[in-house]
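Close look at the chain arrangement
Here's the letter readout for the chains.
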Amino acid sequence: MNAPKEQLRREYEGRLRLLVPGDAAELKRLPLLELVPPRIRDSVVAKIRPYAHFLDFAPGQVVVAAGEYSDSVYAIVRGAAVVALEPAQPVTRRAQMKGSPPPKPAAASAAPGRVQTLGAGDLFGDRSALSRFSVSATVSAWTPLRVLRLRLPALRMLTAVAPELRRTLDQRYRDETLSQQLRRVGLFAEVDEAAIARLREQAELMSLSPGQLLAREGTLADSFYLVRGGYLKVSVDVGGADLAVTYLRPGDFAGETAILFDQRWPFTLQAVEHAELVRLAREDMAAVAGDQPRLNDRLWQEALARLKTRGAVARNPVASEYLQMAIETGLVHGESVLLIDLTTCTRCDDCVQACADTHGGQPVFIREGKRYRNWLVPTACYQCTDPVCLVDCPTGAIRRSVGTLEVTIDPATCIGCSNCATRCPWDNIVMVETGGARADGKPEEVAVKCDLCRGRAEGPACVSSCPHGSAVRLSFKDMDKVRSVLR
Amino acid sequence: MRIVAATRPKKPRVFAATLGVALLLVALHGFGLSRGRFDPGRGLGLLFGVVAAAGYVFAAAYPWRRRASRLAPARVWTQAHVYLGSLAFLAALLHAGLARPQGLVATALLLLSGWTTLTGLLGTALQKWIPSRLTEGLRVEVLLERIEELRARLVADADARMAGAGEVLSRHYRQELRPKLARPMPAWSYLIEVRAGREQTLEPLRRLAGFVPAADKTRIDDLTGLHIEKLELDAHLTLQRLLRGWLVLHAPPSGVLLGLVAFHVFTGLWY
């Protein structure tokens, strides 16, 4: 029996017992819920309850840590919290339970970062939850703290019925994040501060539901859109068929042709899943582009590239087939998807053997999965752009280090709660027995997933060990490469 | 056309380079003959022998390809194994002076060389032919180790669908179809055509559709689907076994060949 793990597990299970849907009466008393019109408040509370939990923290306990992925927004009910805005050291591994006192790294205590305090009624976590970026600052309890944790479905329901809440969240995003996000987009990288400030004020923030149309091909193009969360399909109508041209992911944009050519939309834009966007009116964007020659050049480059792709798809509809497949199957989320060409694969299992050799005898993928034409998509982690498996890991065992592709699980701190495996939409994380036993007598399990053979100089063993070159890894960011490999 | 595709080299440049080296070896042999009497133990004859022995030693190291993937990916080792192994056989032939060698060991060596090269090339052809046939001809993709489990599940599924079926269909299922579903039926014909025999096998079931009540017609459709799946499992079983089984013809004789090469070199050096 692994004593530290057992301690982590006990803490987690204790917390889990407390994690019951929030009490309806207590929910209704919250200022947040007062923003909902009284006539629908009861039904809204009933709908959000399964996604709303009250949590209590002792002073010093961590609510969310920088670097984590979260799908929740937190509202302080009682007490005060402290936000470490500039952590002295990036958090690399947190072998502790959320809510337990944070370890005290020497460097952190020697050089404390800037802090900000939050009080009753304050919200936090909304931007990372909506944009699906990692949490930028660690929030811990300053005094005994009671927070309401609202998961994304609840937040979406609330913002849909409470425009005031929507405005508040948008304003916070506009004030604190939008400038940075615009700067991160290559298009605006060289735009001066004044122009960014103008755009920030003029921007409208909007949300789309899965399947919702943003723009239809042929309609008047009056806006420029920047994606800040989720995915959008870009398609054209060719002979009555809706052909996918490309897709937009966080940081991508659309509408440059509207600004440059004053034309109608050359394609249809549709949300593949919940998406968060920044909208800029055509006139506003055109005015800024007029003052910023570099921005104008980038818009032209982008417009030409996009029209070229559009033309290629219209001429060769088959080219869009793989993109359509990737959107439908979720492969678009993948930063490194393992694919096996079945027309050359001799089913020798060398890939699985090599994987097992690299991972101490335990293969971390299964040579079974969906098949598309002659390509097999095995049960192997896609290393998603926004990995939902990272949300809710109670010990922080599953992580993606900043600037890397691979999402990894630390077996030393994984307590086998299976949260990550349950959350993975593609069933690419499996629970395996370690051979040990838990304190309650049940077999001990850990979550296992592909880690791209981290640290292996030759790259993933499955690819380098395939004797026929049938195994490939692709990022669905680069659709040109996808098309050339999968043809 | 498919056979042409199966024999087409994956890397035409590597194939051309190997062909070039083969021609060079033959030309060297011709040059050696033109200079006088050919001796396997001296000059060019000895060089061919060294090339052949080195080629066989390299080819025999193929099982270590995964460990050597730091030097080159496994597919490069596979290509090197095939091409250098073939060149080694040519070098062995030239070493023997393109004539029947003297002595039992030398004869056995040449015969084993021919056998391992032939079975190696046969395996290469099978590895190119079978995967493409499995993928293009069948809808099912399955791990060899799971075929038995899937077949059992298929039978259970068929049994469940047959609950409450009419007498005619029940009897046919019990006497004809179920035994076929329950046991593995590998067949060589799948090597030529992965859907071989499908129409004839399904014909009795189709004919039966005219003699059963309407409710059983749906059952017949379901059974047809399950039977097709079973036939595909049989094709996978046959061909995936073949993909692994051909190695029995190649690997053990290769081991013997390597031993004989060592003996041959040792005796050559000693005497």
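This text goes with the structure placed above it.
Residues numbered from 1 in each chain as written. Chains lettered and ligands numbered in written order. Predicted model: local features only at pLDDT ≥ 70, side-chain atom pairs only at ≥ 80, totals over all residues. Heavy atoms only, no water.

Another aspect to go through is the interface of chain A and chain B. The partner chain B presents 27 residues to the 24 residues of chain A that form the contact. Buried surface at the junction of chain A and chain B, both sides included, amounts to about 2,100 Å², of which 47% is carbon and sulfur. It is Arg347, Glu368 and Arg371 of chain A in chain A that bury the most area against chain B; as a group they hold 28% of the surface buried on that side. At the junction of chain A and chain B, the tally comes to 15 residue pairs in polar contact (both at pLDDT 80 or more). Listed by contribution, the elements that provide at least two residues to the side of chain A that touches chain B are helix H15 (350-358) and strand E18 (366-372) of chain A. A per-element tally of the side of chain A that touches chain B places H15 of chain A first, with four residues. Considered class by class, the residues forming the side of chain A that touches chain B number six nonpolar, nine polar and nine charged. (Contact = heavy atoms within 4.5 Å. Buried area = accessible area lost by both parts, 1.4 Å probe. Polar contact = N/O pair within 3.5 Å; in protein donor to acceptor, adjacent residues only side chain to side chain. Helix = DSSP H or I, 4+ residues; strand = E, 2+ residues; numbered from the N terminus. Nonpolar A, V, L, I, M, F, W, Y, C, P; charged D, E, K, R; others polar.)

Moving on, we get to the nonpolar core. Residue and element names in this part refer to chain A. Core analysis: the largest hydrophobic core is formed by 35 residues, its most contacted members being Phe365, Cys389, Ile398 and Ile429. Elements that contribute at least two residues to this core include exactly strand E17 (337-341), H15, strand E21 (407-409), helix H16 (419-423) and strand E23 (443-448). The residues touching Ile398, leaving out its near neighbours within four places in the chain, are Cys389, Leu390, Cys393, Val407, Thr408, Ile409, Cys420, Ile429 and Lys449. (Core = buried A, V, L, I, M, F, W, Y, C linked by side-chain atoms within 4.5 Å. Buried < 20%, exposed > 50% of the residue type's maximum accessible area, 1.4 Å probe, protein only.)

A word on the pattern of salt bridges. A complete count under the given rule lists 45 salt bridges over all chains for this structure. A salt bridge links Arg306 of chain A to Glu256 of chain A; the nearest nitrogen and oxygen atoms lie 3.2 Å apart. Of this pair, Arg306 of chain A sits in helix H13 (residues 293-315) while Glu256 of chain A sits in helix H11 (residues 256-261), and the two are 50 residues apart along the sequence. By the burial criterion, Arg306 of chain A is buried, and Glu256 of chain A matches it. Asp222 of chain B serves as the salt-bridge partner of Arg161 of chain B, at 3.5 Å between the closest nitrogen and oxygen. Of this pair, Arg161 of chain B sits in helix H6 (residues 147-162) while Asp222 of chain B sits in helix H10 (residues 214-245), placing them 61 residues apart in sequence. (Salt bridge = Lys/Arg side-chain N within 4 Å of Asp/Glu carboxyl O.)

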